Amino acid sequence: MKIVSAKDYNDMSRKAANIISAQVIMKPGCVLGLATGGTPVGTYKQLIDWYNKGDIDFSEVTTINLDEYRGLKRDHEQSYWYFMHDNFFNYVNVPEENIHVPDGANPDSDEACREYEEIIRKAGGIDLQLLGIGTDGHIGFNEPGEAFELRTHCVDLTESTIKSNTRFFGSEGEVPKQAYTMGIKSIMQARKVLMVVNGENKADIVKAALFGPVTPEVPASILQMHPDFTIVGDEAAFSKIKDLI
Ligand code: GLP
């Protein structure tokens, strides 16, 4: 586990973007596992900036996103497909056919999840998986208590996730109650995992995930066992582990 301290959100974003950029430069045809949420937005902005300057080229990259709300079509403004285009894909040159997000519009969850695992397999696995973390320790949409050995599957979102994602929807009632997510097993099979985290509200969960017991109650804690896991966090997010790093 590599713990990289950053001064603030911008510094965290730049450092994470540097790691992703190095991956793309070293292996132009790499497979990037991407994440939504507010935390990685700055990382995407930085990558867009370097793309515009001609420093990075995504023309051979394949992307595989972590998760999608079940029941939302791609063109819904809160779908993760939409989010990723709005924050990243519309501004860089990842070929459209290389972009993958679970199909939230497919009501057949078994089929949607099976097809997604097949996409990951055909792509040759994920080279670098970018992750955020929920305040309850969830990664992707793997909520506390989920079995570590699951691959892509359908989940019921917890009250706390629905509440914290209400800010993106008009009201709590509009937040979908289920999602398709890569499982912990799919995430653990990525060759590299990069987590970004910022803000004081993540300080407790960062401590529990990195230094607490490895338990399904804190899904991100499994990353302690990953052979190539890097976490980049700002001072506020690392405020409770200052003496441990
Ligand atoms: C959602 C996403 C997660 C993300 C989490 C935290 O639940 N499914 O992938 O890590 O939100 O989001 P934020 O970065 O906005 O705190």
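Remember, it's a predicted structure, so these values are computed and weren't measured experimentally.

(A) Representation of the pairing of strand β3 (residues 62–65) in the model. Neither face of β3 is exposed, since Thr 62 and Ile 64 on one face and Thr 63 and Asn 65 on the opposite face are all buried. Alignment of strand β2 (residues 31–34) against β3, held across four bridges, turns out to be parallel. Bridged to Val 31 within β3 is Thr 62. What joins β2 to β3 is helix α2 (residues 41–52), and the crossover it makes is right-handed. With two bridges connecting them, β3 and strand β5 (residues 99–100) associate as parallel partners. Within β5, the residue paired with Ile 64 across the bridge is His 100.

(B) Representation of the state of the cysteines. Using the criterion set out here, one finds zero disulfides in the structure. Between Cys 113, a cysteine without a disulfide, and Cys 154, which holds the nearest cysteine sulfur, the sulfur-to-sulfur distance is 6.2 Å. What makes Cys 113 buried here is its relative accessible area of 7%.

(C) Main features of the sheet that holds strand β8 (residues 178–181). Here we have three strands laid out as an open sheet, ordered β4-β8-β7, and antiparallel in their pairing. On the outer flanks of this sheet lie β4 (67–69) and β7 (153–156), each paired with one strand and no other. Adjacent strand axes in the sheet meet at a mean angle of 25 degrees, parallel and antiparallel pairs treated alike. Where β4 meets β8, three bridges bridge the pair, whose relative direction is antiparallel. Residue pairing across strands places Asp 67 opposite Thr 181, the latter belonging to β8.

(D) Region of the structure containing the nonpolar core. Counting residues in hydrophobic clusters, the biggest one holds 41 residues, and the most contacted among them are Ile 20, Val 24, Leu 32, Leu 34, Leu 47, Phe 58 and Phe 88. Listed by contribution, the elements that provide at least two residues to this core are α1 (9–26), β2, α2, α3 (80–87), β6 (128–131) and β9 (192–197). Residues within four places of Leu 34 in sequence aside, it is in contact with Tyr 44, Thr 63, Ile 64, Asn 65, Leu 66, Met 84, Phe 88, Phe 89, Gln 129 and Leu 130. Judged by nonpolar contacts, the second largest core, of 31 residues, contains Ile 64, Ile 187, Val 193 and Val 197.

(E) Quick look at the environment of Gly 183. Within the secondary structure layout, Gly 183 lies in the loop between β8 and α6 (184–188). Note: C-alpha distance between Gly 183 and Val 155 (28 residues apart in sequence) is 9.7 Å. Apart from the residues lying within four places of it in its own chain, the contact partners of Gly 183 are Asn 142, Leu 150, Arg 151, Thr 152 and His 153.

Calculation rules
- Residues numbered from 1 in each chain as written.
- Predicted model: local features only at pLDDT ≥ 70, side-chain atom pairs only at ≥ 80, totals over all residues.
- Heavy atoms only, no water.
- Buried < 20%, exposed > 50% of the residue type's maximum accessible area, 1.4 Å probe, protein only.
- Helix = DSSP H or I, 4+ residues; strand = E, 2+ residues; numbered from the N terminus.
- Pairing = 2+ DSSP bridges.
- Right-handed = clockwise from strand over helix to strand, strands pointing away.
- Disulfide = S-S within 2.5 Å.
- Axes fitted to C-alpha atoms, helices over the stretch in contact; angles between N-to-C directions.
- Core = buried A, V, L, I, M, F, W, Y, C linked by side-chain atoms within 4.5 Å.
- Contact = heavy atoms within 4.5 Å.

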